[in-house]
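# An overview of the molecular structure
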Amino acid sequence: MAEEFGESTNAIRKELNNLTKAGFLVKETDKNKIAYKANVAHPFFTNIQEIIRKYLGLDKLLEQILERMGEVSQVILVGDLSKGIDSGKIDVVVIGDNLNEDYILNLSNKIEEMIDRKVVLTLLVERMVSTGLILFDREEVV
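In this report, the structure presented in the accompanying data block is examined. Note that this is a predicted model, so its numbers are computed, not measured.

### Points about the sheet that holds strand β6 (residues 133-137)
Spatial ordering of the open sheet is given by β5-β4-β3-β6, a layout of four strands whose pairing is mixed. Taken across any chain shown, the strands that pair with only one partner, and hence form the sheet edges, are β5 (118-124) and β6. Across the sheet, the mean angle separating the axes of adjacent strands is 20° when strand polarity is ignored. As paired strands, strand β3 (residues 71-78) and strand β4 (residues 89-97) are joined by seven bridges and run antiparallel to one another. Opposite glutamate 71, over in β4, you have aspartate 97 as the bridge partner. Of the strands in this sheet, β3, β4, β5 and β6 touch helix α4 (residues 58-68), which is tilted by about 155° from β3.

### Points about the side chain of histidine 42
Secondary-structure assignment places histidine 42 in the loop between β2 (33-38) and α3 (45-56). Judged by its relative accessible area of 15%, histidine 42 is buried. Residues contacting histidine 42, with those up to four places away along its chain left out, are Ala22, Gly23 and Phe24.

### Things to note about the environment of methionine 114
With respect to the helices and strands, methionine 114 occurs in helix α5 (residues 101-115). For methionine 114, a relative accessible area of 36% corresponds to the partly exposed category. For methionine 114 and leucine 61, which are 53 residues apart along the polypeptide, the C-alpha to C-alpha distance reads 9.0 Å.

### Describing a nonpolar patch on the surface
A surface patch of nonpolar side chains, amounting to about 270 Å² of accessible area, comprises Phe44, Ile48 and Ile52. The class for isoleucine 48 is partly exposed, based on a relative accessible area of 34%.

### Some words on unusual backbone geometry
Of note, the phi angle at lysine 31 is positive, near 60°, even though the residue is not glycine. With respect to the element layout, lysine 31 can be found in the loop between β1 (25-30) and β2. Backbone geometry at asparagine 98 places phi at a positive 50°, although glycine is not the residue there. Relative to the helices and strands, asparagine 98 is located in the loop between β4 and α5. On the basis of relative accessible area, asparagine 98 is assigned to the exposed category, the value being 64%.

Reading guide: rules and limits
Residues numbered from 1 in each chain as written. Predicted model: local features only at pLDDT ≥ 70, side-chain atom pairs only at ≥ 80, totals over all residues. Heavy atoms only, no water. Pairing = 2+ DSSP bridges. Helix = DSSP H or I, 4+ residues; strand = E, 2+ residues; numbered from the N terminus. Axes fitted to C-alpha atoms, helices over the stretch in contact; angles between N-to-C directions. Contact = heavy atoms within 4.5 Å. Buried < 20%, exposed > 50% of the residue type's maximum accessible area, 1.4 Å probe, protein only. Patch = residues over 30% accessible without salt bridge, like charges linked within 9 Å, V, L, I, M, F, W, Y side chains within 5 Å. Areas by Shrake-Rupley, 256 points an atom, 1.4 Å probe, with all protein chains shown as cover. Salt bridge = Lys/Arg side-chain N within 4 Å of Asp/Glu carboxyl O.

Read these as spatial facts, not as claims about activity.
The following block contains the structure:
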């Protein structure tokens, strides 16, 4: 992160500690490694998540998928962007029954024009446990 932001490792560590102290991040230690993750219980988590989705264009992508794809049960962001790397490519797995495959072929190009990023959509039938970022899960909405 220090290299990516052009900052010292000490400055990055201080900011991570500040975000942890404010409750935005959760700090986990394992031997000599420290990992940080978003605190999903924080009152502003949903708001921050929405801001990020809008900035990346994921709100439009998700809206299009849920509106016209069929019986969607999960939408999961995978690949670089799910790891915090903005490579300009968005990889999304769409899981559900009776998905509109014809529509999906046209959807990628349409969304790419809207958000100015490469979009790769993968269709699956079976639910999956993923290390990616879950954008939508019907079981959690109900």
